[in-house]
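Residue-level structure breakdown
Each chain is listed here by its residues.
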Amino acid sequence: MTVRRIVGWYKMGTSPEEIALEYPHLTLAQLHAALTYYHANREEIEADIAQEEAGAVHWERRLASDSKGR
C-alpha cells in the first residue's frame, strides 16, 4: 500500500476510518502516519502523482492511436 494510494482515497473524501475498514491490515495509526507524511511532503508527492497521471494519459493516447492505425 502506497502513500499515494492512501492520499488518492483521502482526496476523494474517504476518511482514514473508512480506508481502515476497506483494508483491515492497515491500522489507523499507519493511515494517519501516511497522511502526515503526505502533508509534510505535499509538493513532492503531488508532483509524483501528476507525473504518473501524465504518463498514463500518454500511454492511453498512444494505445488509442496504435489501435486506429491497424
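Please refer to the structure placed before this passage.
The paragraphs below set out a description of the structure included in this document. (Residues numbered from 1 in each chain as written. Predicted model: local features only at pLDDT ≥ 70, side-chain atom pairs only at ≥ 80, totals over all residues. Heavy atoms only, no water.)

1. Some words on the overall build of the protein
- If you tally the helices and strands in the protein, you get four helices and zero strands.
- Secondary structure of the protein in N-to-C order comes out as α-α-α-α.
- A compact globule built from 70 residues would reach a C-alpha radius of gyration of about 11 Å, whereas the protein, at 16 Å, exceeds it by more than 25%.
- Counting across all 70 residues of the protein, residues that qualify as buried make up 19%.
- When contacts within the protein are restricted to residue pairs at least 6 apart in sequence, those whose partners lie at least 24 apart make up 51%.
- Surface exposure of the protein reaches about 5400 Å², of which carbon and sulfur atoms provide 54%.
- In the protein, 8 side chains carry a positive charge and 11 a negative one; their mean positions are 10 Å apart. (Helix = DSSP H or I, 4+ residues; strand = E, 2+ residues; numbered from the N terminus. Rg over C-alpha atoms; globule rule 2.2 N^0.38 Å. Buried < 20%, exposed > 50% of the residue type's maximum accessible area, 1.4 Å probe, protein only. Contact = heavy atoms within 4.5 Å. Areas by Shrake-Rupley, 256 points an atom, 1.4 Å probe, with all protein chains shown as cover. Lys, Arg positive; Asp, Glu negative; His and termini not counted. Charge placed at Lys NZ, Arg CZ, Asp CG, Glu CD.)

2. Some thoughts on the packing of helix 3 (residues 28–40) against helix 4 (residues 42–68)
- With their axes 5 Å apart at the nearest point, helix 3 and helix 4 run at an angle of 95° to one another. The angle between helix 3 and helix 4 places the two elements in the roughly perpendicular class. Mapping the contact onto sequence places Tyr37, Tyr38, His39 and Ala40 in helix 3 and Arg42, Ile45 and Glu46 in helix 4.
- Taken together, the residues of the contact of helix 3 with helix 4 break down into four nonpolar, one polar and two charged. (Axes fitted to C-alpha atoms, helices over the stretch in contact; angles between N-to-C directions. Parallel < 35°, antiparallel > 145°, perpendicular 65-115°, else oblique. Nonpolar A, V, L, I, M, F, W, Y, C, P; charged D, E, K, R; others polar.)

3. Some points on the environment of His32
- Position of His32 among the secondary structure elements: in helix 3.
- The spacing of His32 and Ile6 is 26 residues in sequence and 9.8 Å in space, taken between C-alpha atoms.
- Apart from residues lying up to four places away in sequence, His32 is in contact with Pro16 and Glu17.

4. Focus: the pattern of salt bridges
- Throughout the structure, instances matching the rule amount to three salt bridges.
- One salt bridge in this structure joins Arg4 and Asp48, with 2.5 Å as the shortest N-O distance. With Arg4 in helix 1 (residues 3–11) and Asp48 in helix 4, this pair connects stretches of sequence that are 44 residues apart.
- Close ionic contact of Arg4 with Glu52 constitutes a salt bridge, the shortest N to O distance being 2.7 Å. (Salt bridge = Lys/Arg side-chain N within 4 Å of Asp/Glu carboxyl O.)

5. Topic: helix 1
- Those residues of helix 1 that sit buried are Ile6, Val7 and Trp9. The buried residues of helix 1 all sit within an arc of 160° when viewed along its axis, so they share a single face.
- Packing partners of the buried residues in helix 1 comprise helix 2 (16–22), helix 3 and helix 4.
- Downstream of helix 1 by one or two residues, Gly13 has phi in the positive range, about 100°. (Arc of directions from axis to C-beta.)

These values are about where atoms sit, not about what they do.
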